[in-house]
There are 2 protein chains.
Amino acid sequence: MEDFIHQNRVYYSPVEFAMAYIGGTWKIPVILALSDGPLRYGDLKNAIPHITDKMLNTQLRDLEKKQMVTRTIYREKPPRVEYALTERGIKALPAISALAHLGDVLITQESASIKKLKRED
Amino acid sequence: MEDFIHQNRVYYSPVEFAMAYIGGTWKIPVILALSDGPLRYGDLKNAIPHITDKMLNTQLRDLEKKQMVTRTIYREKPPRVEYALTERGIKALPAISALAHLGDVLITQESASIKKLKRED
DNA sequence: CGGTATCCCAGATGATACTG
DNA sequence: CAGTATCATCTGGGATACCG
């Protein structure tokens, strides 16, 4: 495996490169929330528990730059802003599913030491 | 999706839980290096470019605690320490492959703005 | 050979408040 | 409704040195 540089950052492997696109606490929840179709900012925020405006904005801008998500403004009254997955974003879904499956397996194996929480919405 | 707690940490999704097992810069390179069979510390270090002793140690201890990797001491002359994937570690390989595939796709798409590096070993 | 122990920083994330 | 701005904090990982 060769090292490579993209936008001033060094990567050591394809996995590391993939993680730049879907890594971090919030990118995957955002992508999953959009996997059933476009959503408005407010709906997105409601769909993702715990996320703050700052993190939602940061991640949406970042996902736009990475061409995983599009932002479309509809000039209505009141105006509407919709976010949707790009084809590239859709291509990330299988990897995310594989991670979710692994997570489920691990959760099952560790179930004895996991405590479930009621969410306070 | 319900929140849950494991070893004093809150998780919001199975994906996040999976990332606790294979996330970070070095866990995946370590797991991949062991995917063809057990290796000694020194071989592992040679197999993973750029990794420092500190990070290799930290990650190996962590992977042991998470039961992804076993550490076996052979009392020979000189003594030998071997690391190997557990069954749980092997179960992580498909998710890692999916990420590697996604990374390859993204690298191809971005190839115009990627500069390959010769590695200075 | 196969590790440990400190110290430290940058960047990711959180809290809180404000805006057109 | 759809964001921005500011400040505080937390943590992964690097540098460096030492140990049985």
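Every value quoted in this text rests on a predicted model; they were computed, and no experiment measured them.

Conventions we followed
- Residues numbered from 1 in each chain as written.
- Chains lettered and ligands numbered in written order.
- Predicted model: local features only at pLDDT ≥ 70, side-chain atom pairs only at ≥ 80, totals over all residues.
- Heavy atoms only, no water.
- Pairing = 2+ DSSP bridges.
- Helix = DSSP H or I, 4+ residues; strand = E, 2+ residues; numbered from the N terminus.
- Least-squares fit on C-alpha atoms with pLDDT ≥ 70 in both.
- Contact = heavy atoms within 4.5 Å.
- Axes fitted to C-alpha atoms, helices over the stretch in contact; angles between N-to-C directions.
- Parallel < 35°, antiparallel > 145°, perpendicular 65-115°, else oblique.
- Near = heavy atom within 4 Å.
- Polar contact = N/O pair within 3.5 Å; in protein donor to acceptor, adjacent residues only side chain to side chain.
- Nonpolar A, V, L, I, M, F, W, Y, C, P; charged D, E, K, R; others polar.
- Salt bridge = Lys/Arg side-chain N within 4 Å of Asp/Glu carboxyl O.
- Buried < 20%, exposed > 50% of the residue type's maximum accessible area, 1.4 Å probe, protein only.

A regular strand places its side chains so that they alternate between the two faces of the sheet. Of the strand pairs in this sheet, strand β4 (residues 69-74) of chain A and strand β5 (residues 80-85) of chain A are connected by six bridges, and their pairing is antiparallel. Looking at β5(A), one finds that A:Val69 is bridged to A:Leu85.

A few words now on the relation of the copies chain A and chain B. For these two chains of identical sequence, chain A goes onto chain B by a turn of 180° and a shift of 0.0 Å along the axis, with RMSD 0.0 Å. One copy is carried onto the other by what is essentially a two-fold rotation axis. A share of 98% of interface residues in chain A that are also interface residues in chain B marks the association as one of identical surfaces.

Moving on, we come to the environment of B:Tyr21. Inspection of the secondary structure puts B:Tyr21 in helix α1 (residues 14-22). Measuring from C-alpha to C-alpha, the distance between B:Tyr21 and B:Gly89 comes to 9.2 Å, with 68 residues separating the pair along the chain. In this structure B:Tyr21 touches A:Leu106, A:Glu110, B:His6, B:Lys27, B:Leu63, B:Lys66, B:Met68 and B:Arg88, once residues within four positions along its chain are discounted.

Once that is clear, we can look at the packing of helix α1 (residues 14-22) of chain A against helix α6 (residues 93-109) of chain B. Between α1(A) and α6(B), the least distance of the axes is 7 Å, while the angle of their chain directions is 80°. Regarding the angle of α1(A) to α6(B), the classification is roughly perpendicular. Contact residues: A:Pro14, A:Val15, A:Phe17, A:Ala18, A:Met19, A:Tyr21 and A:Ile22 in α1(A); B:Ile96, B:Leu99, B:Ala100, B:Leu102, B:Gly103, B:Asp104, B:Leu106 and B:Ile107 in α6(B).

To continue, consider the sheet that holds strand β6 (residues 114-117) of chain B. Spatially, the three strands line up as an open sheet ordered β2(A)-β1(A)-β6(B), and their pairing is antiparallel. Among the strands making up the open sheet, the edge pair consists of β2 (9-11) of chain A together with β6 of chain B. Shown here is a sheet whose adjacent strand axes are inclined to one another by a mean of 30°, direction ignored. Pairing geometry for strand β1 (residues 3-6) of chain A and β2(A), over three bridges, is antiparallel. Paired with A:His6 across the two strands is A:Arg9, which belongs to β2(A). Strand contacts of α1(A): β1 and β2 of chain A together with β6 of chain B, with the helix running at about 130° to β2(A), the strand carrying the most contacts.

Around DNA strand C there are 15 residues in total, and A:Lys54, B:Arg40, B:Asn57, B:Arg71 and B:Tyr83 lie nearest to it. Contact between DNA strand C and B:Arg40: a phosphate oxygen at 2.6 Å from a side-chain N or O atom of the residue. If you list the elements that add at least two residues to the surface near DNA strand C, you get α4 (53-65) of chain A together with α3 (41-47), α4 (53-65) and β5 (80-85) of chain B. For the surface near DNA strand C, the leading source of residues is α4(B), giving four residues. Residue composition of the surface near DNA strand C, by class: five nonpolar, four polar and six charged.

Per the counting criterion, the structure on display carries 16 salt bridges over all chains. A:Arg9 is paired through a salt bridge with A:Glu16; the nearest N and O atoms lie 2.9 Å apart. In this structure A:Glu16 comes out as buried when scored by relative accessible area, which is 14%. The shortest N-O distance in the salt bridge between B:Arg61 and B:Glu64 comes to 2.9 Å. Separated by three residues within a single helix, B:Arg61 and B:Glu64 lie in helix α4, roughly one turn from each other. Given the relative accessible area of 33%, B:Arg61 is considered partly exposed. Each of A:Lys27, A:Asp62 and A:Lys66 takes part in a single network of salt bridges with overlapping partners.

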